[in-house]
Amino acid sequence: MQKLIGTGEEDDDEDVEMDVKEEDDEDEENREKHIATQVMVGVDGGMPPSGSSNQFQHHQQIQEQVSTPGGGGGNRRCRPLEEKERTKLRERHRRAITARILAGLRRHGNYNLRVRADINDVIAALAREAGWVVLPDGTTFPSRSQSSKPVGGTSAGMTSSSSHMASQQTPPPVLRGVSSGYRSSMEYNSCRMKGVFVPTPSPYDLSPVARSQTSVMVGDGGVQPESHPLSGNSVDTLNDKQVVDIPSKLSERNFAGTPYVPVYVMLPLGVINMKCELVDPDGLLKQLRTLKSVNVDGVMVDCWWGIVEAHAPLEYNWSGYRRLFQMIRELKLKLQVVMSFHECGGNVGDDVCIPLPHWVAEIGRHNPDIFFTDKEGRRNPECLSWGIDKERVLRGRTALEVYFDYMRSFRIEFDDLFEDGIISMIEVGLGPCGELRFPSCPVKHGWRYPGIGEFQCYDQYLLKSLRKAAEARGHSFWARGPENAGSYNSQPHETGFFCDGGDYDGYYGRFFLNWYSQLLVSHGDRVLSLAKLAFEGTCIAAKLSGIYWWYKTASHAAELTAGFYNPCNRDGYAAIMAMLKKHGAALNFACAELHILNQHEDLAGALADPDGLTWQVLNAAWDVNVPITTENALPCYGRIEYNKILDNAKPLNDPDGRHLSSLIYLRLSTTLMDRQNFMEFEHFVKKMHGEAILNLQV
């Protein structure tokens, strides 16, 4: 999301008033010059002969007409003073309205409007928001790859109106239009963040229905049918405009020769049972061999804290994982391992239940403040509160010591796999679902999409931290959570804290959100520093989730409750990327847009922008050279979903040639092994590896 540029609303009003005065004077001067030019030049544009009295009389009549209100026959040379004043008042009133419109768009709509923006800037910003491309000279055309850029002087208005005519007069069975696929490297989609690259939209950004209805007219001076790159297509004429018939199939982007991006497949959550035994080793071996046959690079596995250290502190059982890793090693596959310090079950995609260790649950029954707590006092046992990172409440150990002991035990147990390079990356769990965020949207507490969630800082340890921060600031009465932030399923405009102009942007709101988001960054910093020590020489990573709903509002409420201080006037991900860079860690970011690829109705009501969030996070990481790996948020088996992942993994026309360092496919299942699904998956792997695919038609 592009950040706001310029000054406040009051400054905008002052600047506009200055513009009014300057432009009023300029308008008067221009009018006088225009009248004088008419008198000197004449109606026909020629200079009058010096002896032509008729011509002089004609000029005098023109002068009297343009200088007299209502075109009367008076002989005054200028308009009455009161008429000029009324004109100036009208102009001031009009520009005052414009100033308020610009200030509102700049403040609430995240539009990048310069301080002295005019109506052209507003129209251009709205057009870009609607998905159009506006060039500096004003040329405007649809940004979808199904529409061709106007050439040879064809105006955007002609393209739009001609397309409308074609849709009304052409037979429905034939797809009409020009499918240009990906545009040249000089054509970029407009972006909402200054200096940020956003890739050219692909044919897969539209649903099949929308693609089948796309049409473009090519006017005089445009592309001629015989020179059009789509050969063999019929051409009809409609009102002297060319309508090109093309097949209903769209050409795919050719990924041959693109950078090699390794593909890892996430194994099932229940591949190891609660007794730390490998489940169905024969069936798993068969599936792994199938993956190996299509050159999958490796697999990812969760190592569950609730299984390995289930019964007593410092007693680790790695037996099932040892057998699994040996199987992977024999197949010469690589291995990425997740240190999973959270429970499994109750979230989207969870098909097994793996709680935290029994001894931790026992401590929690006597001291429930070791878990995250909402304002109603409800505890969330999905993971430990970050408030006990340095509190010795876990049988004499702090949470950080528990995490480090677990990681060190794993490193010692599988030293041979590290030495042989079988284990290529360790992802460190940092919160719920293994992600670096607060558990602000727990389904077990009634949250449903697109609720804003709730702050999770009401256990005694985090409240103590808040009290210290408020006292250090000199405002001890700030040692409380927001009282008007709504509930789990509230919407931003329903709350006094998150609404436009709400308390989130006041003195207390900024203090609280700074403290709340700093808890997230500090926790990640502490745990990753220990992981770097335990796994020295091996790549470590942290996982970030995409909270994309309410992204188009000023407050970004759902992100704020999750710990990402990312309102429209602040970059909430830069500090996280700087922390990852400090430890040489990679970022694992889920493809948020796959949640709603075919559910466009969910976007409008929740003011969501998954693509905008994705590119903000990716650019924040790339800006500090943090390697990025990604995973699909939900299972996908179709080519549309695969191509969406490919577009993000290898952005087209990126001037720096940036791409993902690896991809994690979620996940291995019998559905994936279905013949048709697996053929699509095989093609996907080849494209990720930059190999040529013979059939490039969808």
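What you are looking at is a predicted structure, and each value in this text was computed from that prediction instead of being measured. (Residues numbered from 1 in each chain as written. Predicted model: local features only at pLDDT ≥ 70, side-chain atom pairs only at ≥ 80, totals over all residues. Heavy atoms only, no water.)

(A) Summary view of the overall build of the protein chain. Along the backbone of the protein chain there are 20 helices and 15 strands. Looking at the protein chain as a whole, 51% of its 698 residues are labelled buried. Considering only residue pairs separated by 6 or more positions, the protein chain has 75% of its internal contacts joining residues 24 or more positions apart. Only carbon and sulfur atoms are counted for the fraction: they give 52% of the accessible area of the protein chain, which is about 31,300 Å². (Helix = DSSP H or I, 4+ residues; strand = E, 2+ residues; numbered from the N terminus. Buried < 20%, exposed > 50% of the residue type's maximum accessible area, 1.4 Å probe, protein only. Contact = heavy atoms within 4.5 Å. Areas by Shrake-Rupley, 256 points an atom, 1.4 Å probe, with all protein chains shown as cover.)

(B) Broad picture of the pattern of salt bridges. This model, assessed by the stated rule, comprises 29 salt bridges. For the salt bridge of Arg329 with Asp420, the shortest nitrogen-to-oxygen distance reads 2.0 Å. Here Arg329, found in helix 9 (residues 319-330), pairs with Asp420, found in the loop between helix 12 (415-419) and strand 11 (423-428); they are 91 residues apart in sequence, far enough to count as distant. Here Lys444 ties to Glu343 by a salt bridge, and the two come within 2.8 Å at their closest N and O atoms. Placement of the pair is Lys444 in the loop between strand 11 and helix 13 (460-473) and Glu343 in the loop between strand 8 (334-340) and helix 10 (358-366), with a sequence separation of 101 residues. The class of Glu343 is buried, set by a relative accessible area of 12%. Taken together, the shared-partner salt bridges connect Glu309, Arg397, Asp405 and Arg408 into one network. (Salt bridge = Lys/Arg side-chain N within 4 Å of Asp/Glu carboxyl O.)

(C) Here's a closer look at the pairing of strand 15 (residues 662-665). Burial of strand 15 is two-sided: the residues Ser662 and Ile664 facing one way and the residues Leu663 and Tyr665 facing the other way are all buried. In terms of strand pairing, strand 6 (residues 263-266) meets strand 15 through 3 bridges, oriented parallel. Pairing of Tyr264 across the sheet is with Ile664, part of strand 15. As judged from the 3 bridges shared by strand 14 (residues 628-632) and strand 15, these two strands associate in the parallel manner. For Glu631, the partnering residue across the bridge sits in strand 15 and is Ile664. In terms of handedness, the path from strand 14 via helix 19 (residues 639-649) over to strand 15 forms a crossover that is right-handed. (Pairing = 2+ DSSP bridges. Right-handed = clockwise from strand over helix to strand, strands pointing away.)

(D) A look at the pairing of strand 7 (residues 298-304). Among the 7 residues that make up strand 7, 7 are buried, leaving the element largely enclosed by the rest of the structure. Residues Gly298, Met300, Asp302 and Trp304 point to one face of strand 7 and Val299, Val301 and Cys303 to the other, with burial holding for every one of them. The pairing of strand 6 with strand 7 spans 3 bridges and is parallel. Residue pairing in the sheet places Tyr264 in a bridge with Gly298 of strand 7. Summarising the sheet, strand 7 and strand 8 pair through 7 bridges and their orientation is parallel. By the bridge assignment, Val301 is partnered in strand 8 with Val337.

(E) Main features of helix 9. The terminal C-alpha atoms of helix 9, which comprises 12 residues, lie 17 Å apart, in line with the 16 Å expected from a rise of 1.5 Å per residue. Burial in helix 9 covers these residues: Gly320, Tyr321, Leu324, Phe325, Met327 and Ile328. One side of helix 9 holds all its buried residues, which, seen down the axis, span an arc of 155°. Residues of helix 9 that are exposed and angled more than 90 degrees away from the buried face: Arg323 and Glu330. Residues of helix 9 that are buried make contact with helix 7 (281-293), strand 7, helix 8 (305-308), strand 8, helix 11 (399-413) and helix 12. Positive phi shows up at Lys332, right after helix 9, with a value of about 60°. (Expected span 1.5 Å × (residues − 1). Arc of directions from axis to C-beta.)

(F) Representation of unusual backbone geometry. Going from Tyr449 to Pro450, the amide bond is cis rather than trans, its omega being 5°. Along the chain, Pro450 turns up in the loop between strand 11 and helix 13. Here Leu666 and Arg667 are connected by a cis peptide whose omega angle stands at -10°. Phi angles above zero are rare outside glycine, and Cys433 is one such case at about 60°. Located in the positive-phi region is Trp550, a residue other than glycine, with phi close to 65°.

(G) Geometry of the nonpolar core. One finds Tyr321, Phe325, Phe410 and Phe681 to be the most contacted residues of the largest nonpolar core, which totals 147 residues. With 13 residues, the single largest contributor to this core is helix 14 (residues 507-534). Excluding residues within four positions of it along the chain, Phe325 makes contact with Val301, Cys303, Leu335, Val337, Phe410, Phe414 and Leu417. Judged by nonpolar contacts, the second largest core, of 8 residues, contains Met266, Met300, Ala541 and Ile664. (Core = buried A, V, L, I, M, F, W, Y, C linked by side-chain atoms within 4.5 Å.)

(H) Seen up close, empty space enclosed by the protein. Summed over the entire model, instances satisfying the criterion amount to 5 cavities of 30 Å³ or more. In this structure, the largest cavity spans a volume of roughly 80 Å³. Looking at the largest cavity, the residues that line it are Phe341, His342, Cys383, Leu384, Trp386, Tyr403, Gly429, Leu430, Gly431, His523 and Val527. When contributions to the lining of the largest cavity are tallied by element, the ones reaching two or more residues are strand 10 (379-384) and helix 14. (1 Å grid on protein atoms, 1.4 Å probe; cavity = no way out; pocket = protein on both sides within 12 Å on 5 of 7 lines; lining within 4 Å. Points joined across faces, edges and corners; volume = space filled by probe spheres on them.)

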